[in-house]
Amino acid sequence: MHTEVNPESPFGGPSVPKRRAAGLLGRDSELDTITGLFRAALHGRAVSAVVVGEFGMGKSSVLTAAGELAKAAGFTVAIATASRLETHLSGGVGRQLLEALTHAPAEPGSPRPRTPHAAEILPDRRPRNEQEQTEALDAFFRTVRHAAEQGPVFLGIDNIHLADPWSMRCLAYIRHRVEQLPVMVVLTSLIGHLQTGEVALLEMSGCTPATIRLRGLGAGHVAEFLRVSPGRFAEECRELTGGNPFLLSALRRRLVPGMELDTAGSAMIGEVLRVRMHEYTAAPKMLEAVAILGEDASFDLLARLAGVDESTALEAIDTMVRVHLLTNSHRPALSYRFVRNSVLADMPLATRAVSQSRAARLLHDSGAAPERVGAHLLEATAIRIPWAVDVLRLAARHSVVEGDPGLAVRFLSRALEERLSERKRMAVLLQLAHAEFHCDPDLAPARVREAVDHIDDRETAAFVATAMILSLCCGPDARLAINSAGQFAARLDAGGPDAVWPLLCMTYLAEAGSRLGPPPDFRDFERQWAPLNDPAARQSRSGLLALDTVRSGKSSANAVRHFGEALSGEQPELFEQPYFFTLATAALADEPALTDRLCQVLDTQRLPWDFHVPKGALATLARGIALQAGGDLERASVHYESLVRQFDERGVTGHCPIAVLCAARLIEVSVDLGRHDVANAVLDKLDFGATQALFTHNYLLYARGRLRAATGEPELGYEDLRGCGRRLEHHGMRFPGFAPWRAHAARTALALGRTDAAARLAEEDLDAAERWGAPRILGGALTTAGLVRDDGLGEEAERLLTKAVDVLGGSTAKLALAEALTELGVLQARHGQAEKAVGTLRLAVRSSKHCGARPLETRASEALRSARTSLATAKDNEHGLTKQEYRVALMAAQGLTNREIAEALHLTRRTVELHLSGAYRKLEITGRPELCSALGRSQRVDGD
């Protein structure tokens, strides 16, 4: 290495070298700091530096490189290394320094004085008394001073935290005595190491040492160290090891193409750490506990897994945090994944498996999520853990929901390693078939056949297959469930209807709900159930009879009776099936007692069969539908919004049938509330195309049509409503109360000027509603019919709307009543019945406000103000004729024809006829001949 003579140095030695030590990556700034102190030492002033860092961060290498640079700069270099095995040897580090100083080469041409041997100055025992100690300390100081008088001295002590106490005392003794000598002291220490001896670090390094903190290498230096190209792989390696050179060295020895970095570790590193932690109480056990628990580590679980009391556990954690082996966080964790993997690699396989099983049990007992418990059960291989099967199945279910079927396959494969009954093995195999179906659809059929082979009990097999149908309700999942159920039914069919009816029931509902066309004929297998005496079979038969009645749209009373029979038992499975739930809640929305019973049946303590559906969601949705039907829009909206948030969190809003229904209901109720922004936000989150295979897509189509019609897109809204109708008609759905698409399509058609289409739709809607017979449905259809049948005189429209108010007045359908009152009041005001209109519209405003229907309330309020204004200005004669009515009537009484009156007043003949009709009604006469006498009576009264 090239050096230059430094003319400013009092010793005439070389200046600071301009080249760095070779082979030391990423430490230029640290070495710059050290070499920056050379100048002060070369000018005769003592300096010191402390290099600290984590285990393996390269402290020794930095000290060695600094020594080489110091030697090149003209220093006499003496470096000593402390070690754990020599801590008890008194004066060991000091003797290493003295050996280096006393054997340093003399300056050329100068005589070499006789220097005592290191053992003479510092014997291998600590001096017995104060005099011996003083003499030894003085001898150590004189040796250092003598060397410094010959030229600058560099004293380096590696791992000072492991030095023996007597050597530490020697260093502390000379520290202040060499302040005016060219002495540089550089110490290295493990970061966070607690000084428990008689000498503190500051006493050896001075009060103001330069502290140099070694940190991990950057990604660029990591790439160079590992001899790989810079980029993502190098960054991942740095994240894995923290850029720690010692860990990188271990990683480099194991690098192979395509290796999985997440599991990379070194048993050698684990062994070194375990040995080094032995000097701290319980630290090795706690280190293994932290590695085993990983991200699930908490203080209480760590102590219990390590088998130590909390005080001891806290002390061990404190120590490992201070030395940066653990992160400084509320939940202890090893600083780097490579360290955790290394600690695990050092553990014997049996020990590791047992520890993982104990960790799983601790987590399970503490209420941890099944996925977290399952993660440890996966590592507890070759150990029988009977309680783990149910946890693994639940974890697999959650994994599929979260979109990780591969993990679900691992959980279920681990469950199959346990000793299982045929029943449970069959259930696990079916669940595994579903998980594998999401990974590779070709694997599922073979797994289903394997499950069928394990049937040893017909009732159990039917139950398991039924559970699969209830669990898998979304698109391709439903097809898998139906196909699997078919294989099970074929195997069970020999046992007669008693063995197979529950499975046939759920298969029928799944088929019906997944078809765009007509569902299978219910009567094909319903007759088989007639002789069955099983109460559950009778309840299910009643439920399907109710469903058949709903689809036919024939009789609300019969449907309600059958639903009541189906709800008489404690079997929620039928009502949990999405297709059945969707139609049952629509049909029972006007039946408070049965709705309460339905919510009780659905509000079970267990999780729903469909793993997409949160616990309690079905009861909440059923209650929301009933509230919406009753006109309590605000409360219904709260129910729907809370559920949509939960479905969003699970990421299933766009493909779970129940989630789609809930979102559609929220859109619809938001339209009625006037919250179009909320409705649009919900609609924007949905993949409209992905829901088309679901029956509940029909309701979504209907809700979007209503939203579009309400937000200035009537043409698009009309197309959506008609599209919903076509799908429902193709499905054979004649129930007018599921999604009242005809009523809203008729109103939208009327707004578009398509009066013929509006009249046809309204007529069809009224026929269907009269057939069904429920007040809310009939009242709504009558309201629509009244809107489209306004013949100018308003008599037929008023009759229909009045009937709608009468029908709805005795029902719980407050929103439908508010709509009918509003339309009746507007009609009355339009046909000159201002006084009647004021009374009707006052009720309409009150009702719509109670429901929270702001758009309807606004419309009714505006109509009410207009009617009041008309009423205030209309009575300019006794009979309450308007000015125009009076003028027209007077001209008619004078003998003018309608055409002559129209020409004189610049009106149409139709308008003249309307004014005359209004005058006849108010004057209580039947026609033109009575006008003169009627108007004469009015004039005589006015004259009197």
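Worth saying up front: this structure is predicted, and the values here are computed from it rather than measured.

Caption draft 1: Region of the structure containing the overall build of the chain. For the chain, the count of helices and strands is 48 helices and five strands. Put simply, the chain has 944 residues, and 55% of those count as buried. Summed over its atoms, the accessible surface of the chain is roughly 41400 Å², and 50% of this surface lies on carbon and sulfur atoms.

Caption draft 2: View of helix α1 (residues 28–35). Turning to α1, its buried residues number three or more, namely E30, L31, I34 and T35. Around the axis of α1, the buried residues are gathered within 130 degrees of arc, so they sit on the same side. Those residues of α1 that are buried lie in contact with α2 (38–42), β1 (47–53), α3 (59–72), β4 (183–190) and β5 (210–213).

Caption draft 3: Representation of the packing of helix α30 (residues 578–587) against helix α34 (residues 657–673) in the model. It is at 9 Å that the axes of α30 and α34 come closest, and there the two elements cross at 30 degrees. As judged from the angle between their axes, α30 and α34 are roughly parallel. Considering the relative orientation of α30 and α34, their crossing is right-handed. Together, P578, F581, T582 and A586 of α30 and P657, I658, L661 and R665 of α34 make up the contact between the two elements. When grouped by side-chain class, the residues that make up the contact of α30 with α34 number six nonpolar, one polar and one charged.

Caption draft 4: The nonpolar core, seen in detail. Membership of the largest hydrophobic core comes to 126 residues, with the highest contact counts inside it found for L509, F563, F575, L621, F647 and F738. The element contributing the most residues to this core is α34, with twelve residues. Once you skip the residues sitting within four places of it in the chain, L509 turns out to touch L544, L547, L574, Q577, Y579 and F580. Counting residues in hydrophobic clusters, the runner-up holds 111 residues, among them A70, A283, L362 and V373.

Caption draft 5: Representation of unusual backbone geometry in the model. The backbone of H324 sits at a positive phi, close to 65 degrees, despite the residue not being glycine. Structurally, H324 can be placed in the loop between α15 (310–322) and α16 (337–346). Residue classification places H324 among the partly exposed residues on the basis of a relative accessible area of 26%. The backbone of E924 sits at a positive phi, close to 60 degrees, despite the residue not being glycine. As for its placement among the helices and strands, E924 is situated in the loop between α47 (909–923) and α48 (931–943).

Caption draft 6: Broad picture of the packing of aromatic side chains. By the definition in use, this model includes nine aromatic pairs. Centre to centre, the rings of F695 and F738 are 5.2 Å apart; their planes meet at 25 degrees, and the pair counts as stacked. Here F695 is found in the loop between α35 (676–685) and α36 (697–710), whereas its partner F738 is found in the loop between α37 (714–731) and α38 (741–751), with 43 residues between them in sequence. Looking at F738, the relative accessible area reads 1%, which means it is buried.

Caption draft 7: The sheet that holds β1, seen in detail. One open sheet accounts for five strands, arranged β2-β3-β4-β1-β5; its pairing is parallel. Edge positions in the sheet fall to β2 (76–81) and β5, since each of these pairs with one other strand and no more. Taken over all neighbouring pairs, the strand axes of this sheet differ in orientation by 15 degrees on average, direction set aside. Across six bridges, the pairing between β2 and strand β3 (residues 153–158) is parallel. Paired with T76 across the bridge in β3 is V153. Running at roughly 170 degrees to β5, α1 makes contact with β1, β4 and β5 of the sheet.

Caption draft 8: How the structure looks around the pairing of β4. Burial of β4 is extensive: eight of the eight residues sit out of reach of the surface. A two-sided burial pattern is seen for β4, the buried positions comprising V183, V185, L187 and S189 on one face and M184, V186, T188 and L190 on the other. With seven bridges connecting them, β1 and β4 associate as parallel partners. Among the inter-strand pairings, V51 is bridged to a residue of β4, identified as T188. In this structure, β3 lies alongside β4, joined through five bridges in parallel fashion. Bridging across to β4, I157 finds its partner in L187.

Caption draft 9: Representation of the pattern of salt bridges within the structure. For the coordinates displayed, the defined rule picks out 34 salt bridges. Notably, a salt bridge pairs E236 with R232, separated by 3.2 Å at the nearest N-O pair. Pair noted here: E236 and R232 are both in helix α10 (residues 232–241), with a separation of four residues, about one helical turn. On the basis of relative accessibility, which here comes to 66%, the residue R232 falls in the exposed class. A cluster of three or more residues bridged by salt bridges with shared partners is formed by E763, R789, E796 and R799.

Caption draft 10: Molecular detail of the confidence of the model for the chain. Across the chain, the average pLDDT comes to 84, with 84% of residues at 70 or higher. In the predicted structure, residues 1–16 sits below a pLDDT of 50 and forms 39 contacts with residues beyond four places in sequence or in another chain.

Caption draft 11: View of the environment of L42. Residue placement: L42 occurs in helix α2. Distance from L42 to G151, taken between C-alpha atoms, is 8.4 Å for residues 109 residues apart in sequence.

Caption draft 12: Summary view of the environment of S540. Among the secondary structure elements, S540 is positioned in helix α27 (residues 535–552). On the basis of relative accessibility, which here comes to 8%, the residue S540 falls in the buried class. For the pair S540 and G569, spaced 29 residues apart in sequence, the C-alpha to C-alpha distance is 9.8 Å.

Caption draft 13: Highlighting the packing of α27 against helix α28 (residues 556–566). Taken N-terminus to C-terminus, the directions of α27 and α28 make an angle of 155 degrees; their axes are 7 Å apart at the nearest point. The pairing of α27 with α28 is recorded here as roughly antiparallel in orientation. Here α27 and α28 pass one another in a crossing that is left-handed. Contacts from Q539, S542, G543, L545, A546, L547, T549 and V550 of α27 reach α28 at N558, A559, H562, F563, E565 and A566. Looking at side-chain class alone, the contact of α27 with α28 contains seven nonpolar, six polar and one charged residues.

Caption draft 14: Inspection of helix α18 (residues 370–379) at higher detail. Inspection of α18 places P370, V373, G374, H376, L377 and L378 among the buried residues, and these make up the whole buried set. Close packing links the buried residues of α18 with α13 (283–293), α17 (349–365), α19 (388–401) and α20 (405–415).

Thresholds, definitions, all that
- Residues numbered from 1 in each chain as written.
- Predicted model: local features only at pLDDT ≥ 70, side-chain atom pairs only at ≥ 80, totals over all residues.
- Heavy atoms only, no water.
- Helix = DSSP H or I, 4+ residues; strand = E, 2+ residues; numbered from the N terminus.
- Buried < 20%, exposed > 50% of the residue type's maximum accessible area, 1.4 Å probe, protein only.
- Areas by Shrake-Rupley, 256 points an atom, 1.4 Å probe, with all protein chains shown as cover.
- Arc of directions from axis to C-beta.
- Contact = heavy atoms within 4.5 Å.
- Axes fitted to C-alpha atoms, helices over the stretch in contact; angles between N-to-C directions.
- Parallel < 35°, antiparallel > 145°, perpendicular 65-115°, else oblique.
- Left-handed = near helix turned anticlockwise from the far one by under 90°.
- Nonpolar A, V, L, I, M, F, W, Y, C, P; charged D, E, K, R; others polar.
- Core = buried A, V, L, I, M, F, W, Y, C linked by side-chain atoms within 4.5 Å.
- Phe/Tyr/Trp six-rings, centres within 6.5 Å; stacked < 30°, edge-to-face > 60°.
- Pairing = 2+ DSSP bridges.
- Salt bridge = Lys/Arg side-chain N within 4 Å of Asp/Glu carboxyl O.
- pLDDT = per-residue confidence, 0-100.

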